[in-house]
Amino acid sequence: MTFPDWFQILLFVAVATATATPLGRYAASVFEGRVRLLAPVEAGFYRLAGVDPAREQGWLGYTFAVLAFNAAGFAALYLILRLQGVLPVNPQDFGAVDADLAFNTAVSFTTNTNWQAYGGETTLTHLTQMMGLTTQNFVSAATGIAVAIAVTRAFARSSARTLGNFWVDLTRCTLYLLLPMAIVVALALVALGVPQTLEGSFVAQTVEGAEQVVSVGPAASQVAIKQLGTNGGGFFNVNSAHPLENPSYWTNALQLWAIVAIPLALAVTFGRMTARDRDGYVLLSVMAGALLAFAGLAYWAESAGNPIVQALGVAGGNMEGKEVRFGEALSTLWATFTTGASNGSVNSMHDSFTPLGGLVPLFLMQLGEILPGGVGSGLYGMIVFAILAVFVAGLMVGRTPEYLGKKIEAKDVKMAMLAVLVMPLFILGFTAVSAVMPATLASIQDAGPHGLSEIMYAYTSGAGNNGSAFAGFGSDTTWYNTTIGLSMLFGRFAIIVPVMMIAGSLVAKPRLAPSQGTFPTDTALFAGLLAGVILIFGGLQFFPALALGPVVEHVMMLDGTLF
Amino acid sequence: MTTHTDTTAAAPSGFSGALVGRALRDALVKLDPRALVRNPVIFVTEVVALLVTILFVRDLVSGGDALFTGQIAAWLWFTVLFANFAEAIAEGRGRAQADTLRRARTDTVAKRLADPARRDVFQKVPAEDLQVGDVVLVEARDLVPSDGEVIEGVASVNEAAITGESAPVIRESGGDRSAVTGGTTVVSDWLVVKITAGAGASFMDRMIALVEGAERKKTPNEIALDILLAGMTIVFLIAVVTLAGLGAYSGAALAVPVLVALLVTLIPTTIGGLLSAIGIAGMDRLVKFNVLAMSGRAVEASGDVDTLLLDKTGTITFGNRMASELIAVPGVSERELVEAAVLASLADETAEGRSIVELARDRYRATIPQTPQLADEAEFVTFSAATRLSGVDVGGRRLRKGAVDAVLRFAQNEPSQQPFQAPHAFTAAVEKIARSGGTPLGLTDGARILGVIHLKDVVKPDIKERFAELRRMGIRTVMVTGDNPVTAAAIASEAGVDDFIAEATPQDKLDYIRREQAAGRLVAMCGDGTNDAPALAQADVGVAMQTGTQAAREAGNMVDLDSDPTKLIEIVGIGKQLLMTRGALTTFSIANDVAKYFAIIPALFVVALPQLGALNVMGLATPQSAILSAVIFNALVIVALIPIALRGVGYRPVGAASLLRRNLALYGLGGLVAPFVGIKLVDMAISAIGLA
């Protein structure tokens, strides 16, 4: 543990939090239709798609559009994966992807998960990466943001019927938010040494004089959006630990910012669009506070290192599975940011973390990917918890609970609880089944509690739409491809649908004026309360499972047993 | 607020032996799963209790650890029984009230008129055979057979059966006092009543059903809370069921009773068990205030009220104008003025007249002559609507007091040396009083104007603090009055209301309520007349006065049996307290879970993974005692919280922010800490007596 490391952690969180305000306000003006720079382009798209941008949709229409769009996206990606062998831009001459892997990968990218059961540079053609994956990197991110904006409007409007037009939100989000940011970040990455080429590979002469085939490709463009859109699917198999995907301290710093920039900013957008800035900052402070706390915990665990290894004479923290150019602080910070933000990219191997260090990414994902969560999905997930917090504690001030002037009633609570059920059902359910079937246990690399953590991590990552993996876990089997695929699918849409139903219910309610008797949701006390509710409603149910995984492993490590 | 001791509607406040005995019996009856399924948390507890009981029998037969399984099973049943007991005791308190009400409703015979115009031809029919629209005759000493509207006659009616107030009230056709209630007794004269409620639907029937809890429907907020609790139950079911698989992986075969123990301690049994008791007790508190809520929804809504519309008269002011000051014109001494005022008011039996005498005695230290002594020499002039004057002719003096213009006219017509001219000081004082919202009365001796009596609406002494209190709770108060805007503004500022509606017509009230609602505020009001009905119906909480018309009572969603408009303030407090109690106990229940994990998880895996013993922060004696203590604590905490559920958590009229801080500290942090202490204590106790 060193002071510069602690300072860096603080600094990275602070910078990302600081940029949330301008970025969030800009996003608000985009979705309120005040950014019209590319109006003719926009209008062209609408004409092409036969969409009337002035016609707004109710919750049902909006949800249907989201689902239809994603179903089409899934089908297109699945076909590309299955047909890539006969499609152009295939310099390495890869064949078709297997059916279950193609299903898994198509689900993975449409759900903004980017779980990679495949090795990118050895399985997918450039066309698949660019047309299939990168497209989904943009539109799955835009889908999440659009849903979050629809929910935001549910609070902003009073006794209204409509939540906006999904096609307009999708277009504006891509055109004014994601594309410009991705272009800037991609160019910056190219300048910092990330390759961007249509070549397949080149042959390099190693120091020992041997020849090595180095895969390259259009990496920078994909890396930019994989971070900005909290996707995480790397161009290369080892993701951001790969020296061409993330060559230096500065590319790492830029990507760290890109991972959490939009999710944090959307909290500010929420406050701005509902004309309750302070409430937006309360959500932001919970998100940023959690990032800081969890990064601190992970860094503490990793830099404290492994006492057994240290007893063998290896001084310092736990560097197994970490890149020397990043060290403990930037590796744990990356792990925290990516798992907090539902971004599956890794720059170190979470599997090799100390038990408690590995618990941090696992637990952050189990909390529902809301701290700050995926783009959009983090915000609407957070709002679900805010609704629960307001409902439980709000009663204590003697009024029917309200959040931002909207009464929280039976239907809203029902939908919020449905959304909360998804994570434990899929994570614990599939983990428990996989933990007792001999066939599925073969995928585990390590014995004991660590093996359990590996299985749990896979389903957690899937249901949380994160996409990162405890390396060492062989997930490319029919069972895991299918069940993790289902986890991703339900982890995304079984939350979007109830959330949209909440939006539909809230938008129709009158927006009540705040008074002295109104439960205050724009205070530090509420931020604390919200954090507590997230831990209790989102985390408590995982406590027994975590106790059997990382917690017992940690105690065993202190006792001298490793796995 | 009038506090009166009523004989019928009061609930037994304590826990009498009979009440507890009956509740214990009812707790057993409520084990019926068909009834219990309405309460998902407790239903799940019952199902698993049954499961563990079967395992206990198996252990007895096969020689397993029957002592442990049996104890777990027993405490699970206790958990269910305690929850049932809480509900039963809350219901029992209401039932006692219902029984007294029911006595008033026995076998009434109605005199049905075939022709409403002929009172002498009637047919005796049992009250329950009456149809809506029937016309009946009710004579002295008859019970009113059902709710109805008086269409002919005037009578005094004893309504003690429902209000507990033994003084009879007047009921007459037309006007705002035309509604009669079934079960009340006509004391004198007769009434012809048109029946408005069929058998079983009368006010009394509804009242009985309400206090008994038989008709109790879950309120919207209760439904929402139920969903939350059911959702949490499912979440923990998933966690516990999957734990069997995870445990198997870790080499720990988990016994069913142990998993059940974990499940039951984690699901929110505390609030689940107390939820309906809280609701019943909340209605009960209202009934004790002699307010009948027609639905639980209205009780909840009253906690949400943002704006209170209060009638000025009777609520904010005493209702009668009272003399507050005597102002003499130059040349008239204060003593002379006071004496004249007393003389002119001695025979005036109106409240205003009496208030002048009282003011003279209390503030101006005047000696008050006895009326009979004066009677011989004096001739009293009583007030008449034509002259608008009253006074006395005594010893050559012609003292008159009354409306200013009437006094001036009187003085002008009196014989006098000079042409009559009202003193400048007199007109100035009159104007000043009028501007301040008061009513000036002139006082003259023949043509000699003596001074002005300042009558004013006296604001109740503690009302300003009440309004300040309401403001801290975030509630705006609006005064409704028929006074002119000047008078209204003066009283409004003295009483400290936030707004007022002067010269209010029913339409004004309705418009005001609609405006408030459009701005997103919930409005409560009380009213009694037929013309209040639209506003009562429009308001989110409408409290109709029992003395009011049938129309008003139908339109409101609460009826105040004491007809005391100040009660609106208490009703709001009760509504808030109901919600707060739910929130506080829910928070407490959920916060409890943390400690229970720390008790049970290490105990579950101590054989397979002894390292998890590190989580046994409470230092519980053995795995079995740890599990058992958690289950026992979980059951006992329900009983311990019954008093809070019935009484409601302490409510203070402060802002939401400080209420939240206080309750969060008490029930949130308290809920985190209490089970650590409680489980440890139970563990020490059962280890000491060797149960585990």
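Quick notes on the rules
- Per chain, residue numbering runs from 1 following the sequence as it is written.
- The naming scheme follows written order: chains are lettered A onward, ligands numbered 1 onward.
- pLDDT decides what is reported in this predicted model: residues at 70 or higher carry local features, side-chain atom pairs at 80 or more are listed and counted, and totals for whole chains, interfaces and linings draw on all residues regardless.
- With hydrogens and water stripped out, all remaining heavy atoms of the structure feed into the side-chain values.
- UniProt positions are given in the numbering used here, feature names are shortened, and annotations may be inferred rather than shown by experiment.
- The numbering of helices and of strands both runs from the N terminus, where a helix is a DSSP run of H or I of at least 4 residues and a strand a run of E of at least 2.
- Atoms considered for the radius of gyration are the C-alpha atoms alone. The globule rule reads 2.2 Å times the number of residues to the power 0.38.
- Think of it in three bands: residues with accessible area under 20% of the maximum for their type are buried, residues over 50% are exposed, and the middle band is partly exposed, with areas taken using a 1.4 Å probe on protein chains only.
- Every residue pair with non-hydrogen atoms within 4.5 Å of one another is taken to be in contact.
- Residue-level accessible areas treat just the shown protein chains as cover; the underlying method is Shrake-Rupley with a 1.4 Å probe.
- In this tally, Lys and Arg are treated as positive and Asp and Glu as negative; His is ignored, and so are the chain termini.
- Note on charges: their place is set at NZ of Lys, CZ of Arg, CG of Asp or CD of Glu.
- Strand pairing is assigned whenever DSSP identifies at least 2 bridges connecting the two strands.
- Here, nonpolar core means buried Ala, Val, Leu, Ile, Met, Phe, Trp, Tyr and Cys residues that are tied together by side-chain atoms lying within 4.5 Å of each other.
- Polar contacts here mean pairs of N or O atoms no more than 3.5 Å apart (in protein, one a potential hydrogen donor and the other a potential acceptor; neighbouring residues in sequence count only if both atoms are side-chain atoms).
- Think of each axis as a best-fit line through the C-alpha atoms, taken over the contacting stretch in the case of a helix, with angles from 0 to 180 degrees between the N-to-C directions.
- Angular relationships are summarised with four words: roughly parallel below 35 degrees, roughly antiparallel beyond 145, roughly perpendicular across 65 to 115, and oblique for the angles in between.
- Polar here means any residue other than Ala, Val, Leu, Ile, Met, Phe, Trp, Tyr, Cys and Pro, which are nonpolar, and Asp, Glu, Lys and Arg, which are charged; Gly is therefore polar.
- The definitions used throughout rest on a 1 Å grid laid over the protein atoms alone, on which a cavity is an enclosed set of points accommodating a 1.4 Å probe that cannot get out and a pocket is an open set flanked by protein within 12 Å on both sides along at least five of seven lines; lining residues are those having an atom within 4 Å of a point.
- Grid points are joined across faces, edges and corners, and a volume is the space filled by probe spheres set on the points.
- For salt bridges, the criterion is a side-chain nitrogen of Lys or Arg within 4 Å of an Asp or Glu carboxyl oxygen.
- Nonpolar side chains (Val, Leu, Ile, Met, Phe, Trp, Tyr) within 5 Å and like charges within 9 Å form the patches, drawn only from residues with over 30% relative accessible area and no salt bridge.
- Buried area is calculated as the accessible area (1.4 Å probe) missing from two parts once they are joined, with the contributions of both summed.
- Here the expected span of a helix is defined as 1.5 Å times the quantity of residues minus one.
- The angle separating two fitted axes, one through the seven residues that finish at a residue and one through the seven that start at it, defines the bend at that residue.

In the nomenclature of an unreviewed UniProt entry, chain B is known as Potassium-transporting ATPase ATP-binding subunit of Salinarimonas ramus. Word for word, the UniProt comment on chain B under Sequence similarities (unreviewed entry) is "Belongs to the cation transport ATPase (P-type) (TC 3.A.3) family. Type IA subfamily." Among the UniProt annotations of chain B, the heading Subunit (unreviewed entry) holds the following wording: "The system is composed of three essential subunits: KdpA, KdpB and KdpC."

The name an unreviewed UniProt entry assigns to chain A is Potassium-transporting ATPase potassium-binding subunit, from the organism Salinarimonas ramus. Turning to chain A, the UniProt record has this under Subcellular location (unreviewed entry): "Cell membrane". Among the UniProt annotations of chain A, the heading Function (unreviewed entry) holds the following wording: "Part of the high-affinity ATP-driven potassium transport (or Kdp) system, which catalyzes the hydrolysis of ATP coupled with the electrogenic transport of potassium into the cytoplasm. This subunit binds the extracellular potassium ions and delivers the ions to the membrane domain of KdpB through an intramembrane tunnel."

Describe the overall build of chain A, with residues and values.
Helices and strands together make up the secondary structure of chain A, namely 20 helices and four strands. Over its C-alpha atoms chain A spans a radius of gyration of 23 Å, differing by no more than 12% from the 24 Å that the globule rule assigns to 563 residues. Taken along its principal axes, the extent of the C-alpha atoms in chain A is 70 × 55 × 45 Å. Of all 563 residues assigned to chain A, the portion counted as buried reaches 65%. Partitioning the intrachain contacts of chain A with sequence separation of at least 6 by distance along the chain shows that 79% fall at a separation of at least 24. Approximately 17700 Å² of chain A is accessible, and the part contributed by carbon and sulfur atoms is 68%. A distance of 21 Å separates the average location of the 24 positive side-chain charges in chain A from that of its 31 negative side-chain charges.

Tell me about the pairing of strand 13 (residues 389-394) of chain B, residues and numbers included.
All names here are of chain B. Within strand 13, six of the six residues are buried, which leaves it mostly tucked inside the rest of the structure. The two faces of strand 13 match: Leu389, Gly391 and Asp393 on one face and Ser390, Val392 and Val394 on the other face are all buried. Inspection of the sheet shows strand 12 (residues 379-381) paired to strand 13 by three bridges, in the antiparallel sense. Following the sheet pairing, Phe380 is matched in strand 13 by Val392. Of the pairings in the sheet, the one linking strand 13 to strand 14 (residues 397-403) comprises six bridges and is antiparallel in character. When the bridges of strand 14 are listed, Leu389 appears paired with Gly402. Linking strand 13 to strand 14, which pair antiparallel, is a turn of two residues; within it Gly395 sits at a positive phi near 50°.

Can you tell me about the nonpolar core, naming the residues and giving the values?
Formed by 317 residues in total, the largest nonpolar core has its most connected members in Ile145, Tyr403, Leu530 and Phe537 of chain A together with Leu308 and Phe605 of chain B. The element that contributes the greatest number of residues to this core is helix 21 (residues 567-605) of chain B, accounting for 20 residues. Contacts of Leu308 of chain B, omitting those with residues within four sequence positions, involve Leu470, Ile475, Arg476, Thr477, Val478, Ala524, Leu568, Ile569 and Val572 of chain B. Val329, Ala360, Tyr364 and Val392 of chain B belong to the second largest nonpolar core, which has 39 residues in total.

Which residues make up the side chain of Thr219 of chain B, and what values do they have?
Residue and element names in this part refer to chain B. As for its placement among the helices and strands, Thr219 is situated in the loop between helix 6 (203-212) and helix 7 (220-249). Classification of Thr219 by relative accessible area gives buried; the value is 6%. There is a polar contact of 2.3 Å between the side chain of Thr219 and the side chain of Glu300. Within the structure, the side chain of Thr219 is placed 3.5 Å from the side chain of Arg582, a separation counted as a polar contact. Dropping the residues within four chain positions of it, Thr219 is found in contact with Gly296, Arg297, Glu300 and Arg582.

Which residues make up the packing of helix 10 (residues 296-303) of chain B against helix 21 of chain B, and what values do they have?
Residues and elements named next belong to chain B. One way to put it is that helix 10 packs onto helix 21 with a least axis distance of 6 Å and a crossing angle of 95°. When the axis of helix 10 is compared with that of helix 21, the two are roughly perpendicular. Of the residues in helix 21, those in contact with Val299, Glu300, Ser302 and Gly303 of helix 10 are Ile571, Val572, Gly575, Lys576, Leu578, Leu579 and Arg582. Split into classes, the residues belonging to the contact of helix 10 with helix 21 amount to five nonpolar, three polar and three charged.

Give a detailed account of the sheet that holds strand 20 (residues 541-545) of chain B, specifying residues and quantitative values.
All names here are of chain B. Here seven strands make up an open sheet; going across it, the order is 9-21-20-19-10-17-18 and the pairing mixed. The open sheet has two edge strands with one neighbour each: strand 9 (291-293) and strand 18 (499-501). Adjacent strand axes in the sheet meet at a mean angle of 20° when their direction is disregarded. Pairing of strand 20 with strand 21 (residues 558-560) involves three bridges; the strand directions are parallel. Looking across to strand 21, one finds that Ala544 is bridged to Val559. Of the strands in this sheet, strand 9, strand 10 (307-311), strand 19 (523-527), strand 20 and strand 21 are in contact with helix 21, which crosses strand 10 at around 155°.

Can you tell me about empty space enclosed by the protein, naming the residues and giving the values?
Residue and element names in this part refer to chain A. Enumeration according to the criterion identifies ten cavities of 30 Å³ or more in this entry. By volume, the largest cavity is sized at about 260 Å³. When contributions to the lining of the largest cavity are tallied by element, the ones reaching two or more residues are helix 14 (377-394), helix 15 (410-436), helix 18 (478-507) and helix 19 (524-539). No other element matches the five residues that helix 14 contributes to the lining of the largest cavity.

Let's hear about the pattern of salt bridges: which residues, and what values?
Considering all chains together, one arrives at 44 salt bridges over all chains under this definition. Of the charged contacts in the structure, one is a salt bridge between Glu87 of chain B and Lys30 of chain B, with a shortest N-O distance of 2.6 Å. Of the two residues, Glu87 of chain B sits in helix 4 (residues 66-103) while Lys30 of chain B sits in the loop between helix 1 (17-29) and helix 2 (33-36), which places them 57 residues apart along the sequence. Of the charged contacts, one joins Arg118 of chain B and Asp120 of chain B as a salt bridge, the two residues approaching to 3.7 Å between their closest N and O atoms. On the basis of relative accessible area, Arg118 of chain B is assigned to the partly exposed category, the value being 45%. Using a relative accessible area of 58% as the deciding quantity, one classes Asp120 of chain B as exposed. Overlapping salt bridges, with partners in common, bring together Arg399, Glu402 and Lys407 of chain A together with Asp304 and Asp306 of chain B in one network.

Any details on a nonpolar patch on the surface? Residues and values, ideally.
All names here are of chain B. A contiguous nonpolar patch, built from Leu669, Leu672, Val673, Val677, Leu681 and Met684 and spanning about 540 Å² of accessible area, is present on the exposed surface. With respect to the secondary-structure elements, Leu681 resides in helix 23 (residues 656-688). You can call Leu681 exposed: its relative accessible area is 52%.

Now, about the side chain of Ser453 of chain A: what can you tell me, with residues and values included?
Position of Ser453 of chain A among the secondary structure elements: in helix 17 (residues 448-463). Once residues within four sequence positions are removed from consideration, Ser453 of chain A is found in contact with Phe470, Gly549, Pro550 and Glu553 of chain A.

Just give me the short version of the interface of chain B and chain A, but keep the residues and values in it.
Taken together, the 61 residues of chain B in the interface contact 58 residues of chain A. The junction of chain B with chain A conceals about 4900 Å² of combined surface from both sides, 79% of it contributed by carbon and sulfur atoms. Of all residues in chain B, Leu246, Tyr249 and Leu660 of chain B give up the largest surface area on contact with chain A, accounting jointly for 15% of the area buried on that side. Along the contact surface separating chain B from chain A lie two salt bridges. Residue Arg399 of chain A is joined to Asp306 of chain B by a salt bridge in which the shortest nitrogen-to-oxygen separation is 3.1 Å. Where chain B touches chain A, the interface holds eight residue pairs in polar contact (both at pLDDT 80 or more).

Explain helix 15 of chain A residue by residue, including any values.
Residues and elements named next belong to chain A. Here helix 15 spans 38 Å end to end across 27 residues, near enough to the 39 Å set by a 1.5 Å rise per residue. A bend of about 25° at Leu421 is the largest found in helix 15, and the proline Pro424 appears one to four places after it. Helix 15 sits mainly inside the fold: 20 of its 27 residues count as buried.

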